[in-house]
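Each chain, letter by letter, is given below.
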Amino acid sequence: MKQYVVGLDFGTDSVRAVLVDTSTGRTLESEVHWYSRWKEGKYCNARENRFRQHPLDHIEGMETTVKKVVQRSGVPPEAVKGICIDTTGSSPVPIDSSGTALALTPGFEENPNAMMVLWKDHTSIAEAAEINHLAKNWGGIDYTRYIGGVYSSEWFWAKILHIAREDRTVKEAAWSWMEHCDLMTYILTGKKDPKTFKCSRCAAGHKAMWHESWGGLPEDGFLSRLDPYLVTVKENLYTDTFTSDMVAGTLSRDWSEKLGLTEHTIVAVGTFDAHAGAVGAGAEAFALVRVMGTSTCDIMVAPKEIIGNNAVKGICGQVDGSVVPGWIGLEAGQSAFGDLLAWFREVLAWPLENLLNDTILLSEETRQQLREELKSRIIPELSAQAEKIPAEESVPLALDWINGRRTPDADQALKSAITGLNLGTRAPHIFRALVEAICFGAKKIVERFEEEGVEIRSVVGIGGVAKKAPFVMQTLADVLDRPIRIAVSDQAPALGAAIYAAVAAGIYPTVEEAVKAMGSPMETTYEPREAPVGFYREKYARYKELAAFVEKDIHKKNPLKATSDV
Ligand SMILES: Nc1ncnc2c1ncn2[C@@H]1O[C@H](COP(=O)(O)OP(=O)(O)O)[C@@H](O)[C@H]1O
Ligand SMILES: O=C(CO)[C@@H](O)[C@@H](O)COP(=O)(O)O
């Protein structure tokens, strides 16, 4: 009998399920569910950088997507051997002692502080700065050593500390917190005790300062200096962590009935989307896999003998087994990539959102259609026009920090800038400057890896922007002066999760073996072109000067910088 697995990928806006044949890696069925409350903008405030998601969005999405792929495939339920979940991160959720998300308990249903704090929520900049200051000055271990030397406001402890201070009711009711990938896995397995649950090595190592060398999470003396509540959170968390080739449990009766599967289906330990994406794309040693969507995550695997105990500065961590068990997984990334282009689209769409309302000539239905159609054409049309701009024509110079800087050297207080505007500057010129900016941000990451002695032998692109934005990909190849190979799979993280599920279910002995059979092949390769390479080399030098200037200026005004020298 053929054997199948399901990969479930919780992204920023939607969750995707794929049902995969384990002998070939072929996806038989896939399904997407867009989070309905999130789509309405509920519980968020972009101006305050507050991004929260209701767990019901995730639970509903998990049920509808998996049920549909199983039903449509016609595969017998007993042939589906395993499931693995990947999610964004760090996206922690407060829970009660039974492991129920607080927002699902009476009194907290509408409280954003009781919900999942999405990776891109930057409300805890002050708390991240405090953690950095303490790590460098408390006289004990520097717990930021293996996460690039800087703790980010995108991460676990900073977010918990922020909410504990802001909302006493949540602090008192939250027995502990779980990363989203662990919580969704916990729900599927129907476990009742979060303390004994197998939590993700990937999430713990990259975001919660877990490291084997200091025996797990940071010691109580460190956490209690920030807030004694964090010691309680830690006591109710984990000491050991697990890689995603391992079994977290089997489907609970309740969930097996909901999904149309059997209770024998293995559920693998959860992980993050980017790391699963690198596995879906082949996880070759020394290949930098760039997951390019709203943000980017840049993932590499390297042998332990090469990395040793060297702490790579300014990245989002180096964790044993976070991608492939037995190898070191290195993570870097940009807090905004496609999001910078989406921001510009929203700026240009302002009249569509605000002035069309007064047009009595059109029905509301027509107005809505018009808005949606025009908005969907903005980025593709700007890409086409920007590509035609001759090199000698003046294009502004921009920075990519519209949502702060993730790496190198996390600093979410930083902001974007556009310089060199004149009366001749048109929307395609600005758009091109923004595309160049996100590519220059990528070059800074590549440079940092190399400065720190981590060799990059090839670059692979996956994610929405890699697949649908040839202009951005060609610019990236020219700026990096390296070929960029694009993976065929348009669901590489979900495929990667399916690969982990196949190993956890015992179908393959190792992730490497499963990748050989199931990993995505490559399609297009973008080759660097000689003339633009030279041009961008010079412009990149100007980008670095502008970046240094803006960084200095922002820090002058804002002492709460999240860098290591606070
Ligand atoms: N044609 C395009 N060119 C460049 N960027 C695009 C294009 N279409 C969409 N995007 C960007 O892709 C991003 C979404 O990427 P995707 O991978 O689909 O989502 P996610 O990051 O949530 O997984 C958005 O930020 C959007 O601006
Ligand atoms: O930061 C991580 C993983 O560490 C990602 O989950 C985060 O960038 C979100 O990714 P997407 O842009 O939604 O694909």
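As the structure is a prediction and not an experimental result, all values here were calculated from the model. (Residues numbered from 1 in each chain as written. Chains lettered and ligands numbered in written order. Predicted model: local features only at pLDDT ≥ 70, side-chain atom pairs only at ≥ 80, totals over all residues. Heavy atoms only, no water.)

To continue, consider the site of ligand 1. Neighbouring ligand 1 are 13 residues, the closest being Thr294, Gly338, Asp339, Gly464 and Ala469. The backbone of Gly338 places a nitrogen or oxygen atom 2.9 Å from an oxygen atom of ligand 1. Within the backbone of Asp339, an N or O atom sits 3.2 Å from an oxygen atom of ligand 1. Starting from 590 Å² of accessible surface for ligand 1 in isolation, the protein chains cover 78%. At the level of elements, helix 13 (338-348) and helix 17 (464-468) are the ones that each hand at least two residues to the shell around ligand 1. Take the shell around ligand 1: its biggest share by element is 4 residues, from helix 13. A class-by-class count of the residues in the shell around ligand 1 yields 5 nonpolar, 5 polar and 3 charged. (Near = heavy atom within 4 Å. Polar contact = N/O pair within 3.5 Å; in protein donor to acceptor, adjacent residues only side chain to side chain. Areas by Shrake-Rupley, 256 points an atom, 1.4 Å probe, with all protein chains shown as cover. Helix = DSSP H or I, 4+ residues; strand = E, 2+ residues; numbered from the N terminus. Nonpolar A, V, L, I, M, F, W, Y, C, P; charged D, E, K, R; others polar.)

The grouping of Trp343, Val347, Leu348 and Ile402 at the surface amounts to a nonpolar patch, some 300 Å² of accessible area in total. By the secondary structure assignment, Leu348 is in helix 13. (Patch = residues over 30% accessible without salt bridge, like charges linked within 9 Å, V, L, I, M, F, W, Y side chains within 5 Å. Salt bridge = Lys/Arg side-chain N within 4 Å of Asp/Glu carboxyl O.)

Mapped onto this numbering, the UniProt entry annotates "domain: Carbohydrate kinase FGGY C-terminal" (unreviewed entry) at residues 291-505. The distance separating the terminal C-alpha atoms of residues 291-505 is 26 Å; by composition the span is 46% helix and 16% strand. (UniProt positions renumbered as here; feature names shortened; annotations may be inferred.)

This brings us to the sheet that holds strand 18 (residues 458-462). The mixed open sheet is built from 7 strands, whose spatial order is 14-15-13-12-18-19-20. Every other strand in the sheet has two partners, leaving strand 14 (318-320) and strand 20 (522-526) as the edge strands with one partner each. This sheet shows a mean twist of 25° between the axes of neighbouring strands, independent of strand direction. In this structure, strand 12 (residues 287-292) lies alongside strand 18, joined through 5 bridges in parallel fashion. Bridge assignment links Ala287 to a residue of strand 18, and that residue is Ser458. (Pairing = 2+ DSSP bridges. Axes fitted to C-alpha atoms, helices over the stretch in contact; angles between N-to-C directions.)

Our focus in this paragraph is the packing of aromatic side chains. Taken as a whole, this structure holds 15 aromatic pairs when the rule is applied. Between Phe440 and Tyr543, the aromatic rings sit 5.2 Å apart at their centres with planes inclined by 45°, giving tilted as the arrangement. Here Phe440 is found in helix 16 (residues 427-451), whereas its partner Tyr543 is found in helix 21 (residues 530-557), with 103 residues between them in sequence. Residues Phe440 and Tyr543 agree in their burial class; the two are buried. In this structure, Lys120 packs its charged tip against the face of Phe51, placed 4.9 Å from the ring centre. The residue whose ring lies beneath Lys198 is Phe242, and the NZ or CZ to ring-centre distance is 5.5 Å. (Phe/Tyr/Trp six-rings, centres within 6.5 Å; stacked < 30°, edge-to-face > 60°. Buried < 20%, exposed > 50% of the residue type's maximum accessible area, 1.4 Å probe, protein only. Lys NZ or Arg CZ within 6 Å of the ring centre and 35° of its normal.)

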